[in-house]
Amino acid sequence: MSRWSYFARRVLLAVPVVFLGTTVAFLIVRLGPIDPAAAILGAQQVGSPEYYQLREQLGLTDPLWEQYIDFMWEMVTFQLGRSWVISPGTRVNDLIAIYAPRTIWLGFWSVLIALCVGIPLGVYAGLNPNTLGDYVASLGGIVWRAMPNFWLAVIIVTVLSQSQALVGVDWERLWVSTQVVTPPDLSVFARPRILITRPGEAWTQVAVAVKQVAPAALVLGSASMGNEMRIGRTAVLEIINADYIEAARAKGVSSRRLIWKHVFRNALIPLVPIITAEAFLLIGGSVLVETVFAINGLGYLFFQATVQGDLPLVISLMYIFILLLVAANILQDFLYTLIDPRVGYERS
Amino acid sequence: MHDRTPPVDTEGGHAEGSTATGEKTASLTERIAATPTPAVLWAVGLLVLLGVEFGAVLQTGAALVAGLGRAVPGLSPEALDGLRSAARSVPTLLSRETIPTQGWRTGADGPWRSTFAGVEPKHAWLVRVGLIYTYAFVFLAWLWLGYRTYRRHYRRADWTPRDDVIDRLRSHRWGQFGLVIVLAFVVMALFAPAMGPTTADRNILNPYDHEIKYYDARTGGVETIAVGDANLRSGSEGPSRNVGPWTYDAYGRFHPFGTLPSGKDLFTFLAEGARISLSIGVASMLISGVIGMAMATITAYYKGVVDLLVVLTSDSIKSLPLLMVLILVVVVFQGTWLAEVYDGAVLLTLVLALVNWPHLWRAVRGPALQVAEATWIDAARSFGQSPAVIMRKHMAPYIVGYMMVYASMSLGGVVISVAGLSFLGLGITPPTPEWGRAVSVGQPYVATASWHISLLPGILVTLVVTGFNALGDGLRDAIDPESEGDTADVESTTAGGGGA
């Protein structure tokens with residue numbers, strides 16, 4: 001099997017995966033003991049005429065398989081229904097459009113911070129193995145990764161909001177004035193034209209938004225940072241000592257070609273699974289980090305919707321998260337296919 | 001997915017199999033009967049060690065039955081109390097009755113009454129904790145000695161591949177560090193009722209059912225107060241009122257980690273919380289380990305459609321965001337009987353087990369596929385052995401080591417996810433202690449004098465997770481020294497507890 005047909009098979013397999021994952025979510029919500037009509041009206045209304053009317057209206061009296069087919073069709077066509085409790089009557093698509101940008105902004109910076117710190121540290125540690133610097137970086141990475149996000153978030157919030165007393169530098173007034181526990185203000189991206197027409201003002205707003213989200217992004221990226229460091233270190237260590245590097249050098253491969261084609265490309269392979277892991281950690285971690293930092297993004301929305309029993313919202317968000325994770329998985333396979341010529345060769 | 005397969009130790013993997021099924025020699029009991037002295041000496045030592053703690057074993061059993069209480073209709077509270085007091089009446093070396101830490105002063109600087117040997121509660125507590133850890137490590141050393149005795153006197157083979165694994169582990173300092181941390185955590189969880197300066201029942205769950213005596217400077221005499229009332233006046237709520245780590249409160253009670261805002265003892269809270277975290281972690285890992293193992297051997301043996309089906313199922317489960325599913329399930333099942341068994345721990349265990357097995361399966365898939373190609377599998381098949389026997393006897397033993405590596409690494413993740421859930425106010429139902437809840441209640445006080453409430457539980461979680469990861473590293477290097485870096489996939493997804 002060629003590399004690309006292997007990749008095509010992986011993409012094809014993603015379809016039933018999304019389907020099954022969404023079905024599991026549907027089953028948890030609909031077969032569980034939760035009563036959507038009671039969640040909307042309140043428990044004391046159970047049994048009243050309005051209650052039965054609402055059940056009829058929501059389609060809860062239809063057979064389960066009919067509800068299931070309707071539900072799946074709505075998901076596939078992205079008609080995600082309307083919210084019941086959080087913001088009654090609002091379309092879920094609109095709610096997601098409101099909440100998603102903050103989460104994307106947060107996720108973007110957490111990936112970037114983690115990459116920019118984790119990989120250079122890992123490469124440094126791999127190039128200087130068993131030195132003091134290596135030990136400090138490795139141990140730091142391990143402990144940094146083991147810290148629970150929610151706890152780290154609590155500590156960082158406190159340290160930053162009391163930074164005048166604790167460190168002597170006031171974080172909130174540093175550079176531009178911001179609060180620690182606040183959602184980032186992304187209004188500037190609604191009118192991207194002013195980034196060019198009025199750059200001074202607009203870019204300050206961008207800087208404020210970055211500063212507002214930076215502590216949360218640091219926490220959310222902590223686990224990935226540790227992983228990237230650790231795996232980068234091992235990869236560099238392994239490849240520098242590999243026989244084929246020696247052979248390539250003996251053959252007269254130019255050092256530029258040696259580094260880019262033989263070292264770097266191979267060092268990337270073990271870093272690829274980080275992508276799926278990163279998506280996994282970002283989506284799961286967003287609930288806790290957004291709760292602590294009061295960033296009203298998708299994770300916060302999911303938590304509120306679940307606790308308040310807003311079922312259409314919960315299940316639509318779950319569907320979106322599943323799509324994102326599967327997309328990350330496909331991206332991972334794509335990168336494998338691109339950089340690892342052995343893919344699909346051994347196993348057919 | 002990209003599976004890289006470590007080399008099969010062909011000779012090694014088979015050595016044990018052949019001795020187990022090969023020529024007829026004396027069985028273990030016969031071999032012990034031939035030279036009984038070392039075995040008898042060891043067994044006597046073990047009995048002594050177990051005997052001094054027999055009461056604790058009974059008490060744990062009683063506590064386990066009590067946890068089921070609400071789910072099993074036949075158990076009345078009276079019967080449970082009877083069971084508990086019967087278990088408590090058996091003398092135990094490490095119990096708080098043998099080394100009491102709760103006492104009172106007879107005067108302003110008077111001697112302590114009712115504590116161990118009349119020393120102050122701090123020292124009595126240190127003696128008891130020291131004794132517990134000494135006991136635990138002596139016990140483990142005794143088990144190690146037992147293994148050595150077996151190896152020297154009773155094992156048929158002079159050498160097995162396991163010996164090499166153990167030797168490699170013995171020179172792996174980082175893995176040993178992990179092992180010590182993990183053992184310290186396990187001991188804390190197992191001996192939780194004797195560990196704290198007071199018990200969860202007295203101090204946290206039913207504080208108004210118990211009374212303490214204390215020296216009151218105002219009246220100049222020894223007074224009696226309900227534990228609940230004493231708690232109300234010894235909370236930690238910032239600069240105005242605080243009982244910090246390693247101090248006494250106004251009622252002569254010693255708090256190694258300080259108190260919660262409610263005045264309850266933080267150390268007792270954390271020791272009980274360790275019990276819950278560890279039970280959920282171990283139980284869910286056992287279940288997902290068994291499922292993962294079965295799937296790995298079955299898919300590696302049959303391949304084809306079965307393999308494809310399991311790939312699909314596991315990919316679907318892996319496409320669910322772990323923490324979100326946990327939140328959803330916990331909320332959906334709130335108020336049902338399943339959420340009440342062991343204060344919700346059973347529900348969490350089941351969900352975690354069902355969500356985690358695909359990761360474990362993926363991790364051992366490589367070794368499983370490889371062992372399925374081994375010549376001894378072919379030989380067993382042509383011998384006419386049934387597939388079930390081949391999988392169990394000739395494939396599983398080879399994979400189980402790898403399984404342990406990933407289970408250890410994922411266990412830390414389970415501890416984090418459970419703590420994250422209770423931080424959000426979900427999962428383990430209050431007032432049952434859970435680490436995440438301590439972080440949550442201490443959140444407003446982190447920058448004040450009562451910093452200990454949030455900080456200490458977080459440091460403990462970090463330490464425990466680091467310990468489990470280090471142990472996993474050590475095991476991996478011991479089992480397969482050439483596999484460095486292969487564990488990235490599982491490690492990075494599950495070790496973080498799904499982002500909690």
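The shown structure was predicted, so the numbers you read here are calculated from the model rather than taken from an experiment.

For residues with low pLDDT, the predicted coordinates do not support detailed interpretation. Looking at chain A, the pLDDT average stands at 84 and 98% of residues meet or exceed 70. Per-residue pLDDT, averaged within each element of chain A, yields its smallest value for helix α2 (residues 36-41) of chain A (74) and its largest for helix α15 (residues 298-307) of chain A (92).

Each partner contributes to the interface: chain B provides 44 residues, whereas chain A provides 57 residues. Of all the elements in the fold, those that place two or more residues in the side of chain B that touches chain A are α13 (304-318), α14 (322-332), α17 (387-423), α19 (452-479) and α20 (488-494) of chain B. The element contributing the most residues to the side of chain B that touches chain A is α14(B), with eight residues. Residues belonging to the side of chain B that touches chain A are distributed by class as follows: 23 nonpolar, 18 polar and three charged.

Time to look at the packing of helix α14 (residues 274-293) of chain A against α15(A). Residues and elements named next belong to chain A. Contact geometry of α14 with α15 gives a least axis separation of 7 Å together with a crossing angle of 95°. By the angle class used here, α14 and α15 are roughly perpendicular. From α14, Ser286, Val287, Glu290 and Thr291 reach across to α15, where they touch Leu298, Gly299, Tyr300, Phe302 and Phe303. Partitioned by chemical class, the residues of the contact of α14 with α15 number five nonpolar, three polar and one charged.

What follows covers α14(B). Most of α14(B) sits inside the fold, with 11 of its 11 residues counted as buried. Regarding α14(B), the residues found buried are Leu322(B), Leu323(B), Met324(B), Val325(B), Leu326(B), Ile327(B), Leu328(B), Val329(B), Val330(B), Val331(B) and Val332(B). On its buried face, α14(B) is in contact with α1 (3-31), α14, α15 and α16 (311-339) of chain A together with α15 (345-372) and α17 of chain B.

Across soluble globular proteins, you tend to see nonpolar side chains buried next to one another. In this structure, Ala153(A), Val314(A), Leu270(B), Ile327(B) and Ile399(B) are the most contacted members of the largest nonpolar core, which totals 184 residues. The dominant element in this core, judged by the number of residues it contributes, is α17(B), at 19 residues. Formed by six residues, the second largest nonpolar core is a distinct cluster that contains Ala114(A), Ala125(A), Ala137(A) and Met229(A).

Glancing now at the domain arrangement of chain B. All names here are of chain B. In terms of domains, chain B is made up of domain 1 (202-255) and domain 2 (266-497). Each of domain 1 and domain 2 has a C-alpha centre, and the two are 40 Å apart. Across the boundary between the two partners, domain 1 contributes 11 residues, which contact 12 residues of domain 2. The element best represented in the side of domain 1 that touches domain 2 is helix α10 (residues 200-205), accounting for three residues.

Residue and element names in this part refer to chain A. Positionally, methionine 225 belongs in helix α11 (residues 222-240). Take methionine 225: there are 26 C-beta atoms within 10 Å of it, and that puts it in the buried class. Distance from methionine 225 to isoleucine 196, taken between C-alpha atoms, is 34 Å for residues 29 residues apart in sequence. Apart from the residues lying within four places of it in its own chain, the contact partners of methionine 225 are Ala114, Val117, Gly118 and Trp144.

Here is what the cut-offs are and how they apply
- Residues numbered from 1 in each chain as written.
- Chains lettered and ligands numbered in written order.
- Predicted model: local features only at pLDDT ≥ 70, side-chain atom pairs only at ≥ 80, totals over all residues.
- pLDDT = per-residue confidence, 0-100.
- Helix = DSSP H or I, 4+ residues; strand = E, 2+ residues; numbered from the N terminus.
- Contact = placed C-beta atoms within 7 Å.
- Nonpolar A, V, L, I, M, F, W, Y, C, P; charged D, E, K, R; others polar.
- Axes fitted to C-alpha atoms, helices over the stretch in contact; angles between N-to-C directions.
- Parallel < 35°, antiparallel > 145°, perpendicular 65-115°, else oblique.
- Buried ≥ 20, exposed ≤ 12 C-beta atoms within 10 Å, placed from the backbone.
- Core = buried A, V, L, I, M, F, W, Y, C linked by C-beta atoms within 7 Å.
- Domains from an automatic or database assignment.

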